[in-house]
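Commentary on secondary and tertiary structure
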Amino acid sequence: KNARFGKIEAHEAVTAYGREVLLRAKEAAEDLGFSVLHLYVDGMWVRKEGCRAPKDFQPLLDEVRSRTSLPIALDGVYKWVAFLPSRQNKKIAVPNRYFGVFQDGEIKTRGIETRRHDTPEFIRGTQMRILEILAQASDMDDMKECLPEIRMLVREKQIALRTGRIPLEQLIVNQTVSRTLEEFKSPSPVFAALAELAESGKSLRPGQHVRLVYTRGLPRARAWDAGTEIDASTVNVERYRRLFGRAVETVLEPLVGLHALDELVAV
């Protein structure tokens, strides 16, 4: 709807053709005895007993290519993969929100905190470290054996955050500026950061990124690039704790369930 060119009918046509091609690929997989786990725009995840090596999937690639007349490639063979539900409704899946580990140990993530530009490095790094620990596992039983190490890591990071031992540069949040300073109607963290930048003679346009650190009270954030020192004692630790807990929940919920997460991350 925000495109400067083209027509909605063109978009609808592309989407219709894409959906038709994806359905043909799904039918090809099922006809060859594969279970289709997930579909998303231009990707399909399948499983079949006995298929573990790339060559085992070649007949499927050939069949999909034959039925769709489009090129197709094998992205990789997973040791395990987790498709995540919506935060608002756990019964509804989110199309492009998942993480998994290929057989060669490579970690692939989509739609989670490690992929978001607004995730502080402290949280991104911890979530990635949890995934690296889980990547060593080959099945659910092995993954559960990793929980003690993960529990220790999570608690160490939470204590470091609570006691102010996380460097401020690892708490920086990158937010996209969506409006000019004059257009803000509430004192949001982005507004506070933009106002501080304006006082120092700097300005950002909508579409650019502002770097900020969440603080307690008003202002709700400090601009990292304003050139003024940020007092570490004013950091909004509680807000960062919530963001941290959400990132941990993202990667552990499929393994332990929500009922066990409180005990896992509590300090």
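That block above? That's the structure.
Residues numbered from 1 in each chain as written. Predicted model: local features only at pLDDT ≥ 70, side-chain atom pairs only at ≥ 80, totals over all residues. Heavy atoms only, no water.

As judged from the four bridges shared by strand β6 (residues 173–176) and strand β7 (residues 209–214), these two strands associate in the antiparallel manner. The partner of T176 across the bridge, within β7, is H209. Taken together, the three bridges between β7 and strand β8 (residues 221–223) define a ladder with antiparallel strand orientation. Looking at β8, one finds that V213 is bridged to R222. Taken together, β7 and the strand that follows it, β8, pair antiparallel across an intervening segment of six residues, in which G217 is found at a positive phi of about 65°. (Pairing = 2+ DSSP bridges. Helix = DSSP H or I, 4+ residues; strand = E, 2+ residues; numbered from the N terminus.)

In contact at an axis separation of 10 Å, helix α3 (residues 121–134) and helix α7 (residues 237–256) are set at 20° when each is read in the N-to-C sense. Judged by the inter-axis angle, α3 sits roughly parallel to α7. Where α3 crosses over α7, the two elements pack in a sense that is right-handed. Facing α3, whose interface residues are F122, I123, T126, Q127, I130, L131 and L134, α7 presents Y240, L243, F244, A247, V248, T250, V251, L252 and L255. Across the contact of α3 with α7, the residue classes break down as 13 nonpolar, three polar and no charged. (Axes fitted to C-alpha atoms, helices over the stretch in contact; angles between N-to-C directions. Parallel < 35°, antiparallel > 145°, perpendicular 65-115°, else oblique. Left-handed = near helix turned anticlockwise from the far one by under 90°. Contact = heavy atoms within 4.5 Å. Nonpolar A, V, L, I, M, F, W, Y, C, P; charged D, E, K, R; others polar.)

This part takes up the nonpolar core. A general trend in soluble globular proteins is that nonpolar side chains are found buried together. If you look at the biggest cluster of nonpolar residues, it comprises 51 residues, and the most contacted ones within it are I130 and L134. The set of elements that each furnish at least two residues to this core consists of β3 (78–85), β4 (93–102), α3, α5 (147–162), α6 (189–199), β7, β8 and α7. For this core, the element with the highest residue contribution is α7, accounting for eight residues. Setting aside its immediate chain neighbours within four residues, L134 contacts W80, M143, C146, I150, V251, L252 and L255. (Core = buried A, V, L, I, M, F, W, Y, C linked by side-chain atoms within 4.5 Å. Buried < 20%, exposed > 50% of the residue type's maximum accessible area, 1.4 Å probe, protein only.)

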